[in-house]
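Coordinate analysis (summary)
Here is what each chain is made of, one letter per residue.
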Amino acid sequence: MTVSTEESTSLRQAREIADEVFFPAALAVDSADRVPLSHLDLLAEHGFYGLAAPPGFNRLDLPGFPAVCRAIETLASGCLTTTFLWAQHHNAVMAAANTGNAALREAWLEPLATGHRRAGLAIGAAVRPGPAALSATPVDGGFLFTGDAPWVSGWGLVDTIYVAARQPDDTLVFALVDAATSDTFTVEPLRMSAVNASSTVTVTFADHFVPADRVTNQMPLEAWRQRDPATLRFNGSLALGVADRAIELADEPRLRPQLDAARDGLDSADPGTMPAARAAASELALRASANLAVTAGSRAVLLDEHAQRLVREATFLLVFGSRPGIRDALRTAFTTA
């Protein structure tokens, strides 16, 4: 059954935030060092930090997963940087909701779902192919995390980081870690060509102690990899949002059916077809933003024009949250006549 999102109050609120607040400020955010705290506070005020929370902790009117994804797409059409940063918070919400650690769930789920606590994400270093860049060593009372976690967004805007580290037997340890520097927890800022105001850093853990009461879950790496394709749908909404805004600014109706098809492809994809669907969404974002640049003409290269911003953001989305299957599909699309 197709779920209609047109009647959703929360989706209308997302559109109002995107069009009336995020988009008018998008160029200013693009050139800033940090996303305005007021943007994140506005999302919290309207309940959007509870997007992935279970009933009782989620006050959004979004009837089903397609509507959830449409809300992410809508917000991204206003400001990718803000939406990219906020979207990573929901991994911590889901972890707190689903943990077997009852005390952690009691202490953390409500503050995370309301946005009173805000979380970044550091999982890729532990799950990448080959040796783990971030390891976990069991010790009395918890674990020692050691290694580097690149691409951690929201530094200075989040108070918590949802971290995965890998034990020698390839068991992953997931934990909620305070976003506070110390002798064993340091950060190095990264400069990016797009979404730079997301305040993205590399975090270095040097035998950083993580108490057992902060651990949300443990699972074998292979079990995580089997589940991973199903989690890729969220990120596709970011590309659809960029494409949507570029299509609107260029007033290009010929691309609208392609946007709808890309969205339908993501919504209907299974784990086997999701990489191709994700690639199609990212490729459309790049084409739509390039079309906007051509439509805008020579002014498209000026920093106060949305065309150059959207082209850079679409390029960013070609590689953000990527997987080998997505990369292969994109390379095929770009090299096949």
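Here goes a summary of the coordinates provided. (Residues numbered from 1 in each chain as written. Predicted model: local features only at pLDDT ≥ 70, side-chain atom pairs only at ≥ 80, totals over all residues. Heavy atoms only, no water.)

**Regarding the overall build of the protein**
Counting its regular elements, the protein contains 13 helices and 8 strands. Each of the three principal axes of the protein carries a C-alpha extent, and together these read 60 × 45 × 40 Å. Taking all 337 residues of the protein together, the buried fraction comes to 52%. Taking all contacts inside the protein whose residues are at least 6 apart in sequence as the whole, residues at least 24 apart take part in 73%. Element-wise, carbon and sulfur atoms account for 55% of the exposed surface of the protein, whose accessible area totals about 14900 Å². Taking the average location of the 27 positive side-chain charges in the protein and that of its 38 negative ones, the two points are 3 Å from each other. (Helix = DSSP H or I, 4+ residues; strand = E, 2+ residues; numbered from the N terminus. Buried < 20%, exposed > 50% of the residue type's maximum accessible area, 1.4 Å probe, protein only. Contact = heavy atoms within 4.5 Å. Areas by Shrake-Rupley, 256 points an atom, 1.4 Å probe, with all protein chains shown as cover. Lys, Arg positive; Asp, Glu negative; His and termini not counted. Charge placed at Lys NZ, Arg CZ, Asp CG, Glu CD.)

**Remarks on the side chain of S10**
Relative to the helices and strands, S10 is located in helix α1 (residues 9-31). Here S10 is in contact with F48, L60, D61 and L62, once residues within four sequence places are set aside.

**A closer look at the environment of D170**
Counting through the fold element by element, D170 comes out in the loop between β4 (160-166) and β5 (171-178). Judged by relative accessible area, which is 35%, D170 ranks as partly exposed. Between the alpha carbons of D170 and A136 there is a distance of 9.8 Å; along the sequence they are 34 residues apart. When sequence neighbours within four positions are dropped, the list of residues in contact with D170 reads M219, P220 and L221.

**Some details on the pattern of salt bridges**
Within the structure shown, the criterion is met by 19 salt bridges. A salt bridge links R117 to D159; its shortest N-O distance comes to 3.2 Å. Here R117 is found in the loop between α6 (102-114) and β1 (119-122), whereas its partner D159 is found in the loop between β3 (142-152) and β4, with 42 residues between them in sequence. In this structure, R214 and D178 form a salt bridge, with 3.0 Å as the shortest nitrogen-oxygen distance. Taken together, the residues R214 in the loop between β7 (201-211) and β8 (215-220) and D178 in strand β5 connect sequence positions 36 residues apart. Overall, the relative accessible area of 35% leaves D178 in the partly exposed class. Three or more residues joined by partner-sharing salt bridges are found here, namely R15, D19, D244, R245, E248 and R256. (Salt bridge = Lys/Arg side-chain N within 4 Å of Asp/Glu carboxyl O.)

**Describing the packing of aromatic side chains**
Per the stated rule, a full pass over the model turns up 8 aromatic pairs. Both rings, one in F65 and one in F234, keep their centres 5.8 Å apart while their planes meet at 15°; by these two values the pair is stacked. With F65 in helix α3 (residues 65-78) and F234 in helix α9 (residues 233-250), this pair connects stretches of sequence that are 169 residues apart. Given a relative accessible area of 18%, F234 falls into the buried group. For the ring pair Y162 and F174, a centre distance of 5.8 Å and an interplane angle of 25° mean the geometry is stacked. Taken together, the residues Y162 in strand β4 and F174 in strand β5 connect sequence positions 12 residues apart. Taken individually, Y162 and F174 each receive the classification buried, so the pair is uniform in this respect. Three or more aromatic residues link up through ring pairs in this structure, and these residues are F145, W155, F185 and F205. Positioned above the aromatic ring of F23, the side-chain terminus of R245 is 4.2 Å from the ring centre. (Phe/Tyr/Trp six-rings, centres within 6.5 Å; stacked < 30°, edge-to-face > 60°. Lys NZ or Arg CZ within 6 Å of the ring centre and 35° of its normal.)

**What to know about the pairing of β4**
Among the 7 residues in β4, 7 count as buried, and that is most of the element. Both β1 and β4 contribute to a ladder of 4 bridges, which runs parallel. Considered in β4, the bridge of G120 is made with I161. In this structure, β4 lies alongside β5, joined through 7 bridges in antiparallel fashion. Each bridged residue has a counterpart across the sheet, and for V163 the counterpart in β5 is A175. Adjacent in sequence and paired antiparallel, β4 and β5 are bridged by 4 residues, among which D170 carries a positive phi angle near 70°. (Pairing = 2+ DSSP bridges.)

**So, the packing of α1 against α3**
Remark: α1 packs on α3, axes separated minimally by 7 Å, with the N-to-C direction vectors making an angle of 20°. When the axis of α1 is compared with that of α3, the two are roughly parallel. Viewed along their axes, α1 and α3 form a crossing whose handedness is right-handed. Residues L11, A14, R15, I17, A18, F22, F23 and A26 of α1 pack against R70, A71, T74, L75, S77 and G78 of α3. Counted by class, the contact of α1 with α3 contains 9 nonpolar, 3 polar and 2 charged residues. (Axes fitted to C-alpha atoms, helices over the stretch in contact; angles between N-to-C directions. Parallel < 35°, antiparallel > 145°, perpendicular 65-115°, else oblique. Left-handed = near helix turned anticlockwise from the far one by under 90°. Nonpolar A, V, L, I, M, F, W, Y, C, P; charged D, E, K, R; others polar.)

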